[in-house]
Amino acid sequence: MEQEIEVKLPVLPTELVVECYLEEGKPIRLALSESAGYFEGAQPVIINNAKVTITKNGSQVIPLAFKVVVDNKNEKITNYQSSHVIQSQPGDVYTLTITDPAGRRVTGSTTVLPPAPLDSVGYKFNDKPEESQEAYLYIRWQDDATRENFYRLLTHKNDSTGVDSEMDAEINDRLRNGQKIIYTTTYRFDRGDTLNIKLFHLDRAYYDFISSVEDARRSNGNPFAQPVTIKSTVAGGFGVFTHLNYNTRELIIK
């Protein structure tokens, strides 16, 4: 027995959507588009006539010009650029301001955090015969007891042809404040794998953003799950504006 129910979806005004990650030693790249309805397709509406600026410590204004750049390696497209190379110190503050001819305005702010140093990374094989053995990873670092900290761990295979990670974990220090943090994986890595491990030190806003994205991904298509709202790091629109600070280590499984 089944019954069809017609649900009328509300028509919501479109809003600006922004994605911008500031990385040390790299020029600024920003993607700006417009929100669309769930059933309107996945093709984004590119905004090409906005005024976009990033200001460092309230004084150095960096304008971004409209220019579409396709990054095939990371499968990303950005449409606002600056040749300004990010060089910062912990405590520096970057603010984002976007206005468009329709009067919409998006703002954001991010503070540069100190990097979280990796103490050690390693692996251990299970007890199966050598030809079928798999290894787990362990990654260790020291948490700073003087502040609330949020981290993200990413691991990619150097020989991977895609951008999908082998491991992606969000971690906070709520139960391990000031202690050595040890993160371990399941047995999933093979002899001969070359892994690139990145430990990010995040601010609370970006941690909440990626956590809400992951929660939304898990609940998508599940009729019994609660809907999840993506937590943006910007005001006046959707999206993320943050500074990425990370340490990286290469590990070869032998």
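What you see is a predicted model, and the numbers here were worked out from it, not measured in a lab.

Participant: Residue-level account of the overall build of the protein chain, with values.
Facilitator: Of the regular secondary structure elements, the protein chain holds one helix and 17 strands. Referenced to the eigenvectors of the C-alpha coordinate spread, the extents of the protein chain come out at roughly 65 × 65 × 35 Å. The buried share of the protein chain, reckoned over its 254 residues, is 37%. Sequence-distant contacts, at least 24 apart, represent 63% of the contacts inside the protein chain between residues at least 6 apart.

Participant: Can you explain the nonpolar core? Please cite residues and give values.
Facilitator: The biggest cluster of nonpolar side chains holds 22 residues, and the ones touching the most others in it are Leu 30, Leu 32, Ile 54 and Ile 98. Elements with a contribution of two residues or more to this core: β1 (16–23), β2 (27–34), β4 (51–56), β5 (60–71) and β7 (93–99). Here this core takes four residues from β1, the largest share from any one element. Every residue in contact with Ile 98, bar those within four places of it in the chain, is listed here: Leu 16, Val 18, Leu 30, Leu 32, Ala 50, Lys 51, Val 52, Arg 104, Arg 105 and Val 106. Counting residues in hydrophobic clusters, the runner-up holds 20 residues, among them Leu 153, Ala 169, Ile 181 and Ile 253.

Participant: Help me get a handle on the side chain of Gln 81, residues and values and all.
Facilitator: For Gln 81, the position within the fold is in strand β6 (residues 76–85). Given a relative accessible area of 8%, Gln 81 falls into the buried group. A polar contact is formed between the side chain of Gln 81 and the side chain of Arg 29, at a distance of 3.0 Å. Every residue in contact with Gln 81, bar those within four places of it in the chain, is listed here: Ile 28, Arg 29, Pro 63, Leu 64, Ala 65, Lys 67 and Val 69.

Participant: I'd like a description of the pairing of β6, backed by residues and values.
Facilitator: Pairing of β2 with β6, which is carried by four bridges, proceeds in the antiparallel orientation. Among the inter-strand pairings, Arg 29 is bridged to a residue of β6, identified as Gln 81. Linking β5 back to β6 in an antiparallel pair, the connection comprises four residues, with Glu 75 at a positive phi of about 55°.

Participant: Before we move on, can you summarise the sheet that holds strand β14 (residues 194–202) with the specific residues and values?
Facilitator: Strands pair in a sheet through their backbones, by hydrogen bonds, and they do so in one of two ways: parallel or antiparallel. A sheet is described by the order of its strands in space; here four strands give the open sequence β12-β11-β14-β17, paired in antiparallel fashion. Bordering the open sheet on either side are β12 (167–172) and β17 (246–252), each of which pairs with just one other strand. Averaged over all neighbouring strand pairs, the angle between strand axes comes to 15°, with direction disregarded. Alignment of strand β11 (residues 150–157) against β12, held across six bridges, turns out to be antiparallel. Residue Tyr 151 lies in a different strand from β12, and its bridge partner there is Ile 171. Where helix α1 (residues 204–219) meets the sheet, it contacts β11, β12 and β14, and its direction lies at approximately 130° from that of β12.

Participant: Quick one: what's the story with the sheet that holds strand β9 (residues 118–125), residue by residue and with numbers?
Facilitator: Spatially, β9-β10-β13 is the arrangement adopted by the three strands of the open sheet, whose pairing is antiparallel. Each having just a single partner strand, β9 and β13 (180–184) make up the two edges of the open sheet. Recorded for the sheet is a direction-independent mean angle of 15° between the axes of neighbouring strands. Where β9 and strand β10 (residues 135–142) come together, seven bridges link them in antiparallel fashion. Of the residues in β10, the one forming a bridge with Phe 125 is Ala 135.

Participant: Account for the packing of aromatic side chains, naming residues and giving values.
Facilitator: Tallied over the full model, the rule gives eight aromatic pairs. Residues Phe 200 and Tyr 246 carry aromatic rings whose centres are separated by 4.9 Å and whose planes lie at 45° to one another, so their mutual orientation is tilted. Of this pair, Phe 200 sits in strand β14 while Tyr 246 is found in strand β17, placing the two residues 46 residues apart along the sequence. On the numbers, 6.0 Å between centres and 15° between planes, the contact of Tyr 206 with Phe 209 is stacked. Here the residue Tyr 206 and the residue Phe 209 both occupy positions in helix α1, the gap between them amounting to three residues, near one helical turn. One aromatic cluster is present, formed by Tyr 21, Tyr 206 and Phe 209 through successive ring pairs. Sitting over the ring of Phe 125, Arg 191 keeps its end group 4.1 Å from the ring centre.

Participant: How would you summarise the side chain of Asp 193 if you had to cite specific residues and measurements?
Facilitator: With respect to the helices and strands, the residue Asp 193 is situated in the loop between β13 and β14. Among the polar contacts listed, one links the side chain of Asp 193 to the backbone nitrogen of Asp 190, at a separation of 2.8 Å. Beyond its immediate sequence surroundings of up to four residues, Asp 193 is in contact with Lys 157, Leu 251, Ile 252 and Ile 253.

What counts, and where the lines are drawn
Residues numbered from 1 in each chain as written. Predicted model: local features only at pLDDT ≥ 70, side-chain atom pairs only at ≥ 80, totals over all residues. Heavy atoms only, no water. Helix = DSSP H or I, 4+ residues; strand = E, 2+ residues; numbered from the N terminus. Buried < 20%, exposed > 50% of the residue type's maximum accessible area, 1.4 Å probe, protein only. Contact = heavy atoms within 4.5 Å. Core = buried A, V, L, I, M, F, W, Y, C linked by side-chain atoms within 4.5 Å. Polar contact = N/O pair within 3.5 Å; in protein donor to acceptor, adjacent residues only side chain to side chain. Pairing = 2+ DSSP bridges. Axes fitted to C-alpha atoms, helices over the stretch in contact; angles between N-to-C directions. Phe/Tyr/Trp six-rings, centres within 6.5 Å; stacked < 30°, edge-to-face > 60°. Lys NZ or Arg CZ within 6 Å of the ring centre and 35° of its normal.

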